[in-house]
Amino acid sequence: MDLRGKTTLITGSTDGVGRWVARRLAADGAHVLLHGRNEARGQAVLEAIRAEGGSAEFLPADLSSLAEVRRLAEAVLARHDRIDGLINNAGIGTGPNARRETSADGHELRFAVNYLAGFLLTRLLLPALRRGTPSRIVNVASAGQQAIDFDDVMLTRGYSGVRAYCQSKLAQILFTFDLAEELRGSGVTATCLHPATYMDTTMVRQSGTRPISTVEEGGEAILALAVSPELDGESGVYFSGRHRARPLAQAEDPAVRERLRCLSARLTGLEPG
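The notes below deal with the structure included here. (Residues numbered from 1 in each chain as written. Predicted model: local features only at pLDDT ≥ 70, side-chain atom pairs only at ≥ 80, totals over all residues. Heavy atoms only, no water.)

1. Describing the overall build of the chain
Applicable threshold: Numbered from the N terminus, helices here are DSSP runs of H or I no shorter than four residues, and strands are runs of E no shorter than two. A radius of gyration in this sense is built from C-alpha atoms; the matching globule rule multiplies 2.2 Å by the number of residues raised to 0.38. Throughout this description, buried means an accessible area under 20% of the type-specific maximum (1.4 Å probe, protein chains only), exposed means over 50%, and partly exposed covers the range between. We call two residues in contact whenever any of their non-hydrogen atoms come within 4.5 Å of each other. For the charge count, each Lys or Arg is scored as positive and each Asp or Glu as negative, with His and the chain ends excluded. Where a charge lies is defined by one atom per residue type, namely NZ (Lys), CZ (Arg), CG (Asp) and CD (Glu).
Looking only at helices and strands, one finds eight helices and eight strands in the chain. Rg of the C-alpha trace for the chain: 17 Å, near the compact-globule value of 19 Å for 273 residues, within the 12% margin. Counting only C-alpha atoms, the chain reaches 50 × 40 × 35 Å along its principal axes. Sorting the 273 residues of the chain into buried and exposed places 56% on the buried side. Counting only contacts in the chain whose residues sit at least 6 apart along the sequence, the fraction spanning at least 24 positions is 71%. For the chain, the separation between the mean place of its 32 positive charges and that of its 32 negative charges on side chains is 1 Å.

Structure follows, in structure tokens:
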């Protein structure tokens, strides 16, 4: 596939499936905006891409801080008037004994990193995505989903790391569906997916789970949503691997999506409250 002239930002692209997708996109001619927290790992991926003849740049940011999310968006917009794709892939997993942690802004950590960061980054980059049409937003979610309890979104009572992770992933799907409706007819599409089950990544291994899928398997599914001509115009759809699927029922409730949108705008400072 010839992606020359295309620019794509991939969060969490210094390791795991994000790194694999970044190298594939660069190999196919795209200019890749790499993101990660670790400068050394970022530079290593950048050098590997350039050694293979690809084009990339590295933009560090800690997505547990909304201020750093804003700085990341500002850095992208300062360098690029338009972008053709945004893959919200960065996230943190969980293990059976995960303890409740909070972000720099005081939000439950998994909700903050896995969902709120991508929500804010996408909102801030929408002008560049609109200028890049046809452009695509891909949110890397999961088959692990749990309904959002709006009375305790930050899980202050009876904390479970698994519940926190699954709630954050359902929030990504709700956001995707809501965004797709908002952007209908604009040339910007939004899709989401469960790439593969227990891929052989650092996140999965650190959770104590034995990997049963390859990074390549999940990466191919992400690539399909990001650039496949067969999915031109596809929006507001959840995929499991390469196949259309149905998420948890809450994701298909417009009232719940609106409630999450308002909460997210308030938590990220896009709306006062």
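On we go.
2. Some details on the pairing of strand β5 (residues 135-140)
Here is the rule: Whether two strands pair depends on DSSP finding at least two bridges between them. Note on handedness: a clockwise path from strand one over the helix to strand two, with the strands aimed away from the viewer, defines a right-handed crossover.
With six of six residues buried, β5 is to be regarded as a mostly interior element. Along β5, one buried face is formed by S135, I137 and N139 and the opposite face, lined by R136, V138 and V140, is buried too. With six bridges joining them, β5 and strand β6 (residues 188-194) adopt parallel strand pairing. Counted as the bridge partner of R136 is T189 from β6. Regarding the hand of the β-α-β motif, the stretch spanning β5, helix α5 (residues 161-182) and β6 is right-handed.

3. A few points about helix α7 (residues 215-227)
Put simply, the rule is: One fewer than the residue count of a helix, multiplied by 1.5 Å, yields its expected span.
With 13 residues, α7 should cover 18 Å at 1.5 Å per step; its first-to-last C-alpha distance of 18 Å lies within 8% of that length. Residues of α7 that are buried include every one of V215, G218, G219, A221, I222, L223, A224, L225 and A226, and no others. Taken together, the buried residues of α7 touch α1 (16-27), β4 (85-88), β5, β6 and β7 (237-240).

4. Topic: the environment of G85
Within the secondary structure, G85 is located in strand β4. We classify G85 as buried; its relative accessible area is 5%. Distance in space between the C-alpha atoms of G85 and S135 is 5.5 Å, their sequence separation being 50 residues. Contact partners of G85, with chain neighbours within four places excluded, come to T7, T8, L9, L129 and R136.

5. Structural notes on the pattern of salt bridges
Applied cut-off: Put simply, a salt bridge is a Lys or Arg side-chain nitrogen that is within 4 Å of an Asp or Glu carboxyl oxygen.
The full count for this structure, using the stated rule, is 16 salt bridges. Between E57 and R79 there is a salt bridge, and its shortest N-O distance comes to 2.8 Å. Placement of E57 in strand β3 (residues 55-60) and of R79 in helix α3 (residues 66-79) is noted, with a sequence separation of 22 residues between them.

6. Digging into the packing of helix α4 (residues 109-131) against α5
Rule in force here: Helix axes are fitted to C-alpha atoms over the stretch in contact, other axes to C-alpha atoms as well, and angles between N-to-C directions run from 0 to 180 degrees. Under this scheme an angle from 65 to 115 degrees is roughly perpendicular, one under 35 degrees roughly parallel, and one over 145 degrees roughly antiparallel; angles in between are oblique. Left-handed describes a crossing whose near helix is turned anticlockwise from the far helix by less than a right angle; the clockwise case is right-handed. Put simply, Ala, Val, Leu, Ile, Met, Phe, Trp, Tyr, Cys and Pro go in the nonpolar bin, Asp, Glu, Lys and Arg in the charged bin, and everything else, Gly too, in the polar bin.
α5 packs onto α4 with a crossing angle of 20° between their chain directions and a minimal axis gap of 8 Å. Considered as vectors, α4 and α5 are oriented roughly parallel to each other. α5 is crossed by α4, and the crossing has right-handed handedness. When α4 is examined against α5, the residues R110, F111, N114, Y115, G118, F119, T122, R123, L126 and R130 are found in contact with a partner set consisting of G161, A164, Y165, Q167, S168, K169, A171, Q172, F175, L179 and E182. A class-by-class count of the residues in the contact of α4 with α5 yields nine nonpolar, seven polar and five charged.

7. Considering the environment of S240
Tracing the backbone shows S240 in strand β7. Discounting residues that sit within four places of it in the chain, S240 has contacts with H194 and A245.

8. Brief notes about unusual backbone geometry
A negative phi angle is the norm for most residues apart from glycine, just as the trans form is the norm for most peptide bonds. In this structure, P134 follows T133 across a cis peptide bond, with omega equal to 0°. Mapping P134 onto the fold places it in the loop between α4 and β5. A positive phi is found at L155, a non-glycine position, where the angle reads about 55°. Locating L155 in the fold gives a position in the loop between β5 and α5.

9. Section: the sheet that holds strand β1 (residues 7-10)
Taken in spatial order, the eight strands line up as β3-β2-β1-β4-β5-β6-β7-β8 in an open sheet, and their pairing is mixed. Every other strand in the sheet has two partners, leaving β3 and β8 (243-245) as the edge strands with one partner each. Neighbour-to-neighbour, the strand axes of this sheet turn through a mean angle of 25°, independent of strand direction. Direction of pairing for β7 relative to β8: antiparallel, over a ladder of three bridges. Note that in β8 the partner of S240 across the bridge is H243.

Function cannot be read off these values alone, since they describe shape.
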